[in-house]
Amino acid sequence: MKDKGRGRGGRQPGRPRRRGLLALALAWLLLLLAVGGALIYAFLSYQAGLPEPAVTPPPRFEEAPVPAPQPPEQSPAGPAGAVPSEAMPSTAAPEPAEAPTEPPAGPAPTQRSEAEHTPTAPPPPAKPDHGTEGSAGQHAGPEQQAAIPKPEPAPPPAPVEPAWQRFAMPYAGAPSVPRIAVVVTGLGLHDSLTREAIEDLPAGITLSFSPYARGVETWLAQARANGHEVMLDLPMEPTSYPNSDPGHFALFVSKTPEQNLDQLSQVLARGSAYVGVAAVMGSRFTADADALRPVLSALGARGLIFLDNSASDNSVAVKLGRQLGVPTLYNDRTLDGEFVQANAIDSRLAQVERLARTKGVAIAMANVYPTTFRQLETWAAGLKEKGLALAPISSLIGRQPPPE
C-alpha cells in the first residue's frame, strides 16, 4: 500500500516538472544578470571616456588697506581733518599682478589707526557726482553748475488794500465838486429808526452803528446792500463822566493801554466790512495823547478810519493820528443835539455848505432823530443844483485840511 502512488523506481511523478521550472527560472535570472552587467559596463565605459572639465580656481584678491577716518581733533602732523598721503587711496587704476599670491594665514593684515577706535561719528556716505558735501552742485565743475537750473525769483506779494479802501463805497460826484460827508451815529438801538435810515436816507450818507445794538452784523449788511458806507461807534470817556456814562465798551483814561486795546477789540468784533470808527462822547479821552496813541496805532494797523467828533477843543486826535499815519478825519458840525428843531438843522447844514466851498470838503455828524432824517432827505435832493456833492466818508481821506 506504501508504493501505490509512486512511479517506476519508487519516485514521485511531479518532481521532474518542478525541477524543470526551477531550471528555467534560474536561466532567466542568469540572463537578466548578464544583460544588466553588460549595460552597467557600457555606461561606466562611456563615463570613463568623457574628458574631465577644466576647473578654474577662483581669482584671488589682495585686500587693500582701508584708510582711517579723519580724526575730529588736530593731530601733531597737521590740522584736524588732514589725511596723510600714505592713507589716501590712489585714483590711478592698479596694475594687474602677474600671479595671485597666497594670502597669509591668520587675520587680515589691515592696520586700523587709533582714530577708528574712538567713539566718533562714521564718515558721511559718498554722494553722487554733484559733490561730496553741501548742496547739489556746490563743488561741481563749471559745466555741471551751468547744467543745474536756477530757480526763478518769487514775485513780490501783492499789496493788501486797507479796510477803509476795501470796503469803501464809490463816490458818484465829479472830482472837482466840493464834497460833503454826513455820518449818522447811534444806529441799531431803535429798529424802526434804523430801518428808516437804511431805506430812506440817500445812499451817499454814511451810517455808523452802536456796539450796544443787537444784530449789528445784520444791520451792517443791510446798510451796505442799500449803498451806504458803514462804520462802528467807538464810545470814549467824556469830561462829564460819571454823570454821562459811555457804557461798558468805552475807553477810559484811567485804564491801562492793554485794557483799552481789549475794549477796542471787543467793539471791532461786533461786525465786519466797515471802513472805520466814529468817536462817541470822548471829550476827555481824545485830549489825552498817552491814552489815545495806542488806540490810534491799533486802528492804523487794521487799516481803519478814525473820525473825531470834535467833542473837545483840546482834542489831539487828528494831529496825533496823522503823525502815526492813521487815516484820521474830524467833524465840522453836529446837526442836532438834545433839542432837535428843523430850522436849527437847516442852519447847520448851510454852515456845512459854506465850509465845503471854502475847504473843498466838509463833514457833518447827526444822531438818530426822525426830524433829522426828514431834513437830510430834503437837503440832499437839492445839492446837485448848488454845485455840491454828497460823498461817503472814505472819499475825504487825504482831502480834509487840518483843523483850525
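Everything in this summary refers to the structure shown in the same document. This structure is a prediction, so every number in the text was calculated from the model and none was measured.

Reading guide: rules and limits
Residues numbered from 1 in each chain as written. Predicted model: local features only at pLDDT ≥ 70, side-chain atom pairs only at ≥ 80, totals over all residues. Heavy atoms only, no water. Helix = DSSP H or I, 4+ residues; strand = E, 2+ residues; numbered from the N terminus. Buried < 20%, exposed > 50% of the residue type's maximum accessible area, 1.4 Å probe, protein only. Pairing = 2+ DSSP bridges. Right-handed = clockwise from strand over helix to strand, strands pointing away. Phe/Tyr/Trp six-rings, centres within 6.5 Å; stacked < 30°, edge-to-face > 60°.

### A closer look at unusual backbone geometry
Moving on, step 1. In this model, Y241 is joined to P242 through a cis peptide bond whose omega is 15 degrees.
Moving on, step 2. In this fold, P242 is placed in the loop between β3 (230–236) and α6 (257–268).
Moving on, step 3. The backbone phi angle of A273 is positive, close to 65 degrees, even though this residue is not glycine.
Moving on, step 4. Mapped onto the elements of the fold, A273 is located in the loop between α6 and β4 (276–281).
Moving on, step 5. Backbone geometry places S310, a non-glycine residue, at a positive phi of 60 degrees.

### As for the pairing of β3
Moving on, step 1. Most of β3 sits inside the fold, with seven of its seven residues counted as buried.
Moving on, step 2. Residues V230, L232, L234 and M236 of β3 are buried on one face, and the alternating residues M231, D233 and P235, pointing to the opposite face, are buried as well.
Moving on, step 3. Judged from the three bridges that link them, strand β2 (residues 206–209) and β3 form a sheet pairing that is parallel. Across the sheet, F209 pairs through a bridge with L232, a residue of β3.
Moving on, step 4. Between the parallel pair β2 and β3, the chain is carried across by helix α5 (residues 216–225), and the sense of this crossover is right-handed.
Moving on, step 5. Taken together, the five bridges between β3 and β4 define a ladder with parallel strand orientation. Opposite P235, over in β4, you have V280 as the bridge partner.
Moving on, step 6. Taking the sense of rotation as the criterion, the β-α-β connection linking β3, α6 and β4 turns out right-handed.

### Overview of the packing of aromatic side chains
Moving on, step 1. On inspection of all chains with the given rule, the structure shows two aromatic pairs.
Moving on, step 2. Where Y212 meets F249, the ring centres are 5.2 Å apart and the plane angle is 35 degrees; that geometry is what we call tilted. In this pair, Y212 is assigned in the loop between β2 and α5 and F249 in the loop between β3 and α6, connecting sequence segments 37 residues apart.
Moving on, step 3. A relative accessible area of 29% places Y212 in the partly exposed class.

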